[in-house]
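Examination of the molecular architecture
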Amino acid sequence: MTGTHSGDTEEPDEPADTAGTAADDVSDGTADSSESAAVAEQRVDPAEAFAALSDPLRVDILRELATAHRAREVESVGFAALRKRVGVRDSGRFRYHLNELRDNFVRKTDDGYRLTVTGVETVAAILAGTYTHGGTLGPAPIDSECSECGADAVAVYRDGRCGVSCENDHPLFGWTLPPAAAADATLPEVVSLAELFARQAIERGLAGVCPKCSAPVEPRIVDERDDAEPVDPTPGLRVRCETCGGRLVGPVGFCLLVDPAVEAFYRRHDRPLDALHVWEPAFVADEGAVEVVDRDPLRVAVEVTLDGDRLAVTVDESGGVSVRD
Ligand SMILES: [Zn+2]
Ligand SMILES: [Zn+2]
């Protein structure tokens, strides 16, 4: 999945950016608590919500309430105490901004003001976006080679996205990683975290769960070779979420990347898959390893070979992997 992902701001129809490998829109779905599930159903209009945060003073209010929320013993903060914490003298002005936050982000209780669940998550998102290295690492070479031309792989982390390509601009991998996850990490660490997120997203996508918002999705293998303008000439994995607009785009080999039988085959040959970068296994990198064996429904054979040993693998139209020994 490609894109920006500071929140859900991505354009669902943006073309996939990496021909060979992954493109993601999945930002890390945090929030699995039942409370958050309730929030999802609240359906706050995002434009309205963000408009409410247009004034920095309002963000300061949320931040102070979040500090109180974390301290636990103080659930609600009284008006005067909150105004003092935020450091605003003019109580009329303070009341105006506080009121603009009510309902969506802040709730008034008998004891004062407290964050709603949306408020808590919004503050977390704001803080996650403001960490560290100005949010940029690299570009710098990492310990891998381009599967297409053999040149050094070069990674960069910028605007919440980790991208790997080669000196000749062949795209190898791209994935979103929130700045908080990349805080204090080196570039190789950021790359392996992004790969971990990608593997998890592939697993969830293949299991029919949107990696970003957990709504049901239908993973599909597509063969675009007969299309007028194919995005990718080799069959690929596509997961698209109608609920959040998240997308996962990658080669068919991605389905094998998380398959237990394929993992076991690699382990038997002393090459554990998780020790390889996701773009490195031949079944991901080599377009020639993929062959369409049936069109209706689509079924694709993928060649998996190590040290002269061969594993016969087919992938069905919804990304299901079958292995025949
Ligand atoms: Zn290259
Ligand atoms: Zn989704």
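Note that the structure is a prediction, hence the values are computed from the model and not measured.

Regarding the coordination of the zinc ion (ligand 2)
Around the zinc ion (ligand 2), the donor atoms from the protein are Cys210 (SG), Cys213 (SG), Cys241 (SG) and Cys244 (SG), and they sit 2.3 Å away. Its four donor atoms give the zinc ion (ligand 2) angles of 105 to 113 degrees at the centre, a pattern that matches the tetrahedral case. The exposure class assigned to Cys213 is partly exposed, which follows from its relative accessible area of 33%. Owing to a relative accessible area of 2%, Cys241 belongs among the buried residues under this scheme.

Looking at the confidence of the model for the protein
Per-residue pLDDT for the protein has a mean of 81; in total, 78% of the residues score no lower than 70. Across residues 1-43 the pLDDT falls below 50, and counting only partners more than four positions away or on other chains, this stretch makes 113 contacts in the model.

Some points on the nonpolar core
In this structure, Val164, Leu256 and Phe283 are the most contacted members of the largest nonpolar core, which totals 57 residues. If one sorts the elements of this core by residue count, helix H8 (residues 187-206) sits on top with eight residues. If we skip the residues at most four places from it in the chain, Val164 touches Ile142, Ala153, Val154, Ala155, His170, Pro171, Leu172, Phe173, Val191 and Trp279. Counting residues in hydrophobic clusters, the runner-up holds 21 residues, among them Leu82, Val86, Leu98 and Leu115.

Observations regarding the coordination of the zinc ion (ligand 1)
Taken together, Cys146 (SG), Cys149 (SG), Cys166 (SG) and His170 (ND1) make up the protein donors of the zinc ion (ligand 1), found 2.1 to 2.3 Å from the metal. Linear spacing of the donor residues for the zinc ion (ligand 1) on their chain is C-x2-C-x16-C-x3-H. Exposure remark for Cys146: the relative accessible area of 5% places this residue in the buried category.

Things to note about the packing of aromatic side chains
For the coordinates displayed, the defined rule picks out six aromatic pairs. Between Phe173 and Trp175, the ring centres sit 6.3 Å apart and the planes meet at 5 degrees, which makes this aromatic pair stacked. For Phe173, a relative accessible area of 1% corresponds to the buried category. Here Trp175 falls in the buried class, since its relative accessible area comes to 1%. Between Tyr266 and Phe283, the ring centres sit 5.7 Å apart and the planes meet at 85 degrees, which makes this aromatic pair edge-to-face. A residue pair is termed long-range when its members are at least 10 positions apart, and Tyr266 in helix H10 (residues 260-268) and Phe283 in helix H11 (residues 282-285) qualify at 17 residues. Across this residue pair, the class does not change: Tyr266 and Phe283 are buried. Put simply, the rings of Phe79, Phe94 and Tyr113 touch in pairs and so form one group of aromatic residues.

What to know about the side chain of His269
Looking at the element boundaries, His269 is found in the loop between H10 and H11. At 2.9 Å, the side chain of His269 and the side chain of Asp309 are in polar contact. If we skip the residues at most four places from it in the chain, His269 touches Leu306, Asp307 and Asp309.

A look at H8
For H8, with 20 residues, the first-to-last C-alpha span of 28 Å sits near the 28 Å given by 1.5 Å per residue. Looking only at H8, the buried set comprises Leu187, Val190, Val191, Ala194, Glu195, Phe197, Ala198, Arg199, Ala201, Ile202 and Gly205. Looking one or two residues past H8, Gly208 carries a phi angle of roughly 85 degrees, positive in sign.

Calculation criteria
- Residues numbered from 1 in each chain as written.
- Chains lettered and ligands numbered in written order.
- Predicted model: local features only at pLDDT ≥ 70, side-chain atom pairs only at ≥ 80, totals over all residues.
- Heavy atoms only, no water.
- Donors = N, O, S within 2.8 Å, 3.2 Å for Na, K, Ca; no water.
- Tetrahedral: all angles 85-135°; square planar, octahedral: opposite > 155°, others 65-115°.
- Buried < 20%, exposed > 50% of the residue type's maximum accessible area, 1.4 Å probe, protein only.
- pLDDT = per-residue confidence, 0-100.
- Contact = heavy atoms within 4.5 Å.
- Core = buried A, V, L, I, M, F, W, Y, C linked by side-chain atoms within 4.5 Å.
- Helix = DSSP H or I, 4+ residues; strand = E, 2+ residues; numbered from the N terminus.
- Phe/Tyr/Trp six-rings, centres within 6.5 Å; stacked < 30°, edge-to-face > 60°.
- Polar contact = N/O pair within 3.5 Å; in protein donor to acceptor, adjacent residues only side chain to side chain.
- Expected span 1.5 Å × (residues − 1).

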